Amino acid sequence: MSDWVLDVPLGTERLELREHRAGDLEDLLVFHGDPQVTRYTPWPVRDRQQTGAALDKRLTLTHAAGPGQAISLAVVERASSTVIGEVMLMRRSDSTAELGYAIRTDRWGQGLASEAVAALLDGAAALGVTEVRAVVVDGNDASVRLLGRMGFTELGVPGPPAKDGSPTRTFALTLG
Ligand SMILES: CC(C)(COP(=O)(O)OP(=O)(O)OC[C@H]1O[C@@H](n2cnc3c(N)ncnc32)[C@H](O)[C@@H]1OP(=O)(O)O)[C@@H](O)C(=O)NCCC(=O)NCCS
């Protein structure tokens, strides 16, 4: 089983996706500490200390050697040199992965999340990933629209319940 190592940074017109850095804490706190952002995420709203611990964990998520391991990248807005969000690729098998993403609220509605996710999907394809799945909490319509733009289709089977017990929906995209 080969290690998954993305050829970072992944660049787009407005963004750079790179490994997290210890100096990212202030930027991360803006969205990890925002209940609007964490409403539908698997993780809770975080204070400074909890965001620091989450960042420490992300500093280690640079490659995925086997199932259950994840790669997390900081989404840097070129214009402001600010980390405005993050994307995550969780390895499920040799060729399948699960996707995660979050963007700070004042950057919603500009296509930046779509731009970041498209870059991550290109990176996943380059690793030989052939199917990507995403689990969305019922009611997270912005996320459903994003997945639709990326070409995902709904599988019609629920995913594991959300952190508050809400039902979830599962989406999949075939790559390559
Ligand atoms: C899910 C999330 C990333 C979506 O963010 P977003 O900004 O709506 O997504 P996009 O970057 O794709 O932007 C799309 C919107 O920008 C608009 N837009 C403006 N300029 C655009 C451009 N150049 N390209 C594409 N869309 C553009 C689109 O019309 C669309 O609006 P709509 O959703 O009202 O139709 C964001 O809501 C978020 O971070 N939520 C919290 C975390 C979360 O729930 N994560 C998902 C867990 S499954």
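Residues numbered from 1 in each chain as written. Predicted model: local features only at pLDDT ≥ 70, side-chain atom pairs only at ≥ 80, totals over all residues. Heavy atoms only, no water.

(A) The arrangement of helix 5 (residues 141–150) in detail. Turning to helix 5, its buried residues are Ser 143, Val 144, Leu 146, Leu 147 and Met 150. Viewed along the axis of helix 5, the buried residues span an arc of 160°, placing them on a single side of the element. Away from the buried face of helix 5 by more than 90 degrees, exposed residues Arg 145 and Arg 149 are located. Residues of helix 5 that are buried sit in contact with strand 5 (96–103), helix 4 (112–126), strand 6 (131–137) and strand 8 (168–174). Phi for Gly 151, located one or two positions after helix 5, is positive at around 100°. (Buried < 20%, exposed > 50% of the residue type's maximum accessible area, 1.4 Å probe, protein only. Helix = DSSP H or I, 4+ residues; strand = E, 2+ residues; numbered from the N terminus. Arc of directions from axis to C-beta. Contact = heavy atoms within 4.5 Å.)

(B) Up close: the pattern of salt bridges. With the rule as written, the count across this model stands at 11 salt bridges. When the shortest N-O distance is used, the salt bridge between Glu 131 and Arg 133 registers 2.9 Å. For Arg 133, a relative accessible area of 35% gives the class partly exposed. (Salt bridge = Lys/Arg side-chain N within 4 Å of Asp/Glu carboxyl O.)

(C) Local environment of the site of the ligand. Around the ligand, 21 residues are found, and the nearest of them are Tyr 101, Ala 113, Ser 114, Arg 145 and Arg 149. At 2.8 Å, a backbone N or O of Gly 109 approaches an oxygen atom of the ligand. Here the ligand loses 72% of its free accessible area of 940 Å² to cover by the protein chains. Mapped by element, the contributors of at least two residues to the shell around the ligand are strand 5, helix 4 and helix 5. At five residues, the largest contribution of residues to the shell around the ligand is made by helix 5. Looking at side-chain class alone, the shell around the ligand contains 11 nonpolar, seven polar and three charged residues. (Near = heavy atom within 4 Å. Polar contact = N/O pair within 3.5 Å; in protein donor to acceptor, adjacent residues only side chain to side chain. Areas by Shrake-Rupley, 256 points an atom, 1.4 Å probe, with all protein chains shown as cover. Nonpolar A, V, L, I, M, F, W, Y, C, P; charged D, E, K, R; others polar.)

Spatial relationships are all this shows, so hold off on functional conclusions.
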